[in-house]
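The lines below spell out each chain.
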Amino acid sequence: MELAEQTRKTVRTVLVGLPFRIAAAVRGGARVFHPRGLVATGHLELHTRWWTLPTGTPINVVARLSGGVGTPSRVPDVLGLALKIPLDPVETEWDLLLASSGTSAATRVLPLPAASWGAARYSSLMPYSSNGADTRWVLAVPVGPHPASTPLDALRESIAVAPLRFRLELVSMTGSPVPAGQVTLTQVRELPDDEQPTFDPVLNCPPGLAMRPAWLAGVRVGAYRGSRRGRGDPSP
């Protein structure tokens, strides 16, 4: 079994990680996924025990909002909302990555362009299982004023005026979304792209939650590792 698992890891490294490593290197060390981003700080509140994390208490978070390509103002783009959520013990974290997607069961698994930050509906694309069962997608819905365009500068200007808010929802394959928390971003942290935090939603996951299906999570591990290596980041 150990040999078979090692073989699978090697195949993932060669077939998945290597192409992303090359792509990142070709881009001059930029991320393969969402190369340009804006970092902001704020807090997260969770409202259901499904999360396996403390509920009802604000948790400080670091967010990275990004465009998949970085399109002009009125051109749709695949938008990203990545959250770095601290865990206990200290120095561990949950990287929750959400991308603009559709709202139906068939389209919430696809990264789709959004016309603006205000119009985007975000999804984890892959579902999570909670304590080995109760598999659900994590969704985020903009609440209140959000920019009516896609550039990062519009986000920067918006946060300077008022906090940026998102409602978190959970949804099963056949059910309707249910409110499960909220994210509030209050301050921009000006960092160049090569100093912005990196994210790995598979390796950095809280106890009790796991991305499904496991084989596809393994593919994502290789892709993110390859992108990091291509940027000169030796982390696992």
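Residues numbered from 1 in each chain as written. Predicted model: local features only at pLDDT ≥ 70, side-chain atom pairs only at ≥ 80, totals over all residues. Heavy atoms only, no water.

Observations regarding the overall build of the protein chain
Then, number 1: Counting secondary structure elements, the protein chain contains three helices and ten strands.
Then, number 2: Each helix and strand of the protein chain, ordered N terminal to C terminal, gives the series α-β-β-β-β-β-β-β-α-β-β-β-α.
Then, number 3: Residues counted as buried form 45% of the 236 residues belonging to the protein chain.
Then, number 4: When contacts within the protein chain are restricted to residue pairs at least 6 apart in sequence, those whose partners lie at least 24 apart make up 60%. (Helix = DSSP H or I, 4+ residues; strand = E, 2+ residues; numbered from the N terminus. Buried < 20%, exposed > 50% of the residue type's maximum accessible area, 1.4 Å probe, protein only. Contact = heavy atoms within 4.5 Å.)

A short note on the side chain of S158
Then, number 1: Summarising the element assignment, S158 is placed in helix α2 (residues 152-161).
Then, number 2: When its relative accessible area of 17% is taken as the criterion, S158 is described as buried.
Then, number 3: Excluding residues that lie within four positions of it along the chain, S158 makes contacts with P145, P147 and L164.

Digging into the packing of aromatic side chains
Then, number 1: Here the structure, examined in full by the defined rule, presents four aromatic pairs.
Then, number 2: When the centroid spacing of 6.0 Å and the interplanar angle of 55 degrees are considered together, the rings of W51 and W94 count as tilted. On the criterion of sequence distance, the pair formed by W51 in the loop between β1 (36-46) and β2 (59-67) and W94 in strand β4 (residues 92-100) is long-range, its members being 43 residues apart. For the pair W51 and W94, one class covers both residues: buried.
Then, number 3: When the centroid spacing of 5.8 Å and the interplanar angle of 80 degrees are considered together, the rings of W94 and Y128 count as edge-to-face. Placement of the pair is W94 in strand β4 and Y128 in strand β6 (residues 128-130), with a sequence separation of 34 residues. (Phe/Tyr/Trp six-rings, centres within 6.5 Å; stacked < 30°, edge-to-face > 60°.)

Remarks on the pattern of salt bridges
Then, number 1: Inspection of the entire model under this criterion finds eight salt bridges.
Then, number 2: Across the pair R36 and D193 runs a salt bridge, and its minimum N-O distance is 3.9 Å. Separated by 157 residues along the polypeptide, R36 in strand β1 and D193 in the loop between β9 (178-189) and β10 (209-211) bring together distant segments of the chain.
Then, number 3: Looking at R36, the relative accessible area reads 44%, which means it is partly exposed. (Salt bridge = Lys/Arg side-chain N within 4 Å of Asp/Glu carboxyl O.)

Digging into the pairing of β1
If a strand is regular, its side chains alternate between the two faces of the sheet.
Then, number 1: Burial runs high along β1: nine of the eleven residues are buried.
Then, number 2: Strand direction decides the pairing type here: β1 and β2, joined by nine bridges, are antiparallel. Residue pairing in the sheet places R36 in a bridge with G67 of β2. (Pairing = 2+ DSSP bridges.)

A word on the confidence of the model for the protein chain
Then, number 1: In this model, the protein chain carries an average pLDDT of 82, and 75% of its residues clear a pLDDT of 70 or more.
Then, number 2: The least confident element of the protein chain, judged by mean pLDDT, is helix α1 (residues 2-26) at 40; the most confident is strand β8 (residues 164-171) at 98.
Then, number 3: Overall, residues 1-30 carries pLDDT values under 50, and its contacts beyond four positions in sequence, including any with other chains, amount to 36 contacts.
Then, number 4: Low pLDDT, under 50, characterises residues 224-231; the stretch is placed with 33 contacts to residues that sit more than four places away or in other chains. (pLDDT = per-residue confidence, 0-100.)

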